[in-house]
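Remarks on the overall topology
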Amino acid sequence: MTRKRSLRISLSVFAGVFVLVFQACTPAASNTAKTAVAGIIETVQMMESRTPYPTIPAFPTQTAYPSLTAYPTEAGYDPRLDAVVGSLRETATTYPAHTPYPTEPPYSEADAIQTILMQPGLWSRDLSLYGRCGDLFEVRIGTHPAYFAYAVGNEVSRNQFLVVSVGFLNISDRTIPEIFHKQFFVAGDLDGEEVRYTSYGPAGQAASDRWGKHYIGGISVPPGIEVYSFLAFDVDYHAENWRLGFESDAGSGFGCNFSIPVQPQPEFSINFYATAEHTP
């Protein structure tokens, strides 16, 4: 009896512990299940409450191209247009008739002669005026007009320097040695008589240096070369009708003489000397 009672007590105690353990474990499991279900429900509710994606708007309907307007038929033609077209044709300016090109004249030796007409007061000259020494060289009045100068560089005249620009062209096939400047002279008319003045070398050299030219009295000239230079002459400025002359000498190796007019004739910019001479 005692043994059975103790067994029942033990079973009762064991059953009580099991019930306690079962009761202790059951709420935790039920809480976990409830928490998972609640999370799923919240997620579903959140997805249902979110803003849906915007729907795609429909494309606008296409506007049709305008229909082609048919050309007017002949029946709708206005006959008044004929009169307008006719009047335009009557008033229209006709194109000028084509002028044929002139025929080219045949070549002649005169075409090779170039002449520049001289106008008073301008730096111009008649190129047909030149002096020639056989078939050796030609002398022309140069590009600058002749002028008077009391002094040129460091050279001072006794009266006035007449400075003349010359062009010296070697037309031969050999080099012409130095041309002696004393072979040049100027001549003029003074009181009805001819007066002559020989080249003054230092003043001619100074004038050539001033204008950046070679001095003809100090260089040799190769064939086919034209040299521009200046010559100076100490003259009486009262003379008129000035001419540039050349006279070769025995030692020059050629013999020729010529004279060409100085164009344009030299003038003073103001008539200073005439004014001074007539001042009481």
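In this text the structure is predicted, and so the values were computed from the model without any measurement.

Quick word on the confidence of the model for the protein chain
Residue-level pLDDT values for the protein chain average 76, and 72% of them are 70 or greater. Within the model, pLDDT remains below 50 along residues 13-22, and this stretch shows 0 contacts once partners closer than five positions in the same chain are excluded. Scored below 50 in pLDDT, residues 115-125 makes 24 contacts in the model with residues more than four places away or belonging to other chains.

Remarks on the pattern of salt bridges
Inspection of the entire model under this criterion finds 6 salt bridges. Notably, a salt bridge pairs Arg132 with Glu138, separated by 2.4 Å at the nearest N-O pair. Residue classification places Arg132 among the partly exposed residues on the basis of a relative accessible area of 43%. A relative accessible area of 6% means that Glu138 is categorised as buried. A salt bridge links Asp189 to Arg243; the shortest N-O distance between them is 3.4 Å. Of this pair, Asp189 sits in strand E5 (residues 184-190) while Arg243 sits in strand E8 (residues 240-247), and the two are 54 residues apart along the sequence. Where salt bridges share partners, they join Arg132, Glu138 and Arg140 into one cluster.

Points about the side chain of His144
Within the secondary structure layout, His144 lies in the loop between strand E2 (137-141) and strand E3 (147-152). Among the polar contacts made by the side chain of His144, one reaches the side chain of Thr143 at a distance of 3.0 Å.

Observations concerning the state of the cysteines
Under the criterion given, the structure shown has 1 disulfide. Shown here is the disulfide that connects Cys133 with Cys256, its sulfur atoms set 1.9 Å apart. Because the torsion about its S-S bond is -100 degrees, the bridge between Cys133 and Cys256 counts as left-handed. Placement of the pair is Cys133 in strand E1 (residues 130-133) and Cys256 in the loop between E8 and strand E9 (257-261), with a sequence separation of 123 residues.

Digging into the packing of aromatic side chains
Here a ring pair, both rings aromatic, is described through the centre-centre distance and the interplanar angle of the planes. Under the criterion given, the structure shown has 7 aromatic pairs. Measuring from centroid to centroid gives 5.0 Å for Phe184 and Phe246, while their planes differ by 65 degrees, and the two rings are edge-to-face. On the criterion of sequence distance, the pair formed by Phe184 in strand E5 and Phe246 in strand E8 is long-range, its members being 62 residues apart. A residue is classified by how much of its surface remains accessible, and Phe184, at 1% relative accessible area, is buried. Exposure remark for Phe246: the relative accessible area of 0% places this residue in the buried category. Seen from their ring centres, Phe246 and Phe258 are 5.4 Å apart, and the 15 degrees between their planes marks the pair as stacked. Of this pair, Phe246 sits in strand E8 while Phe258 sits in strand E9, placing them 12 residues apart in sequence.

Observations concerning the pairing of E5
Of all 7 residues that make up E5, 6 are buried, and the element is covered over most of its length. Sheet topology note: the E5/strand E6 (residues 193-198) ladder contains 6 bridges and is antiparallel. Within the sheet, the bridge partner assigned to Val186 lies in E6 and is Tyr197. Following E5, the chain reverses through 2 residues before pairing antiparallel with E6; Asp191 in that reversal takes a positive phi of roughly 55 degrees.

Scoring rules and cut-offs
Residues numbered from 1 in each chain as written. Predicted model: local features only at pLDDT ≥ 70, side-chain atom pairs only at ≥ 80, totals over all residues. Heavy atoms only, no water. pLDDT = per-residue confidence, 0-100. Contact = heavy atoms within 4.5 Å. Salt bridge = Lys/Arg side-chain N within 4 Å of Asp/Glu carboxyl O. Buried < 20%, exposed > 50% of the residue type's maximum accessible area, 1.4 Å probe, protein only. Helix = DSSP H or I, 4+ residues; strand = E, 2+ residues; numbered from the N terminus. Polar contact = N/O pair within 3.5 Å; in protein donor to acceptor, adjacent residues only side chain to side chain. Disulfide = S-S within 2.5 Å. Phe/Tyr/Trp six-rings, centres within 6.5 Å; stacked < 30°, edge-to-face > 60°. Pairing = 2+ DSSP bridges.

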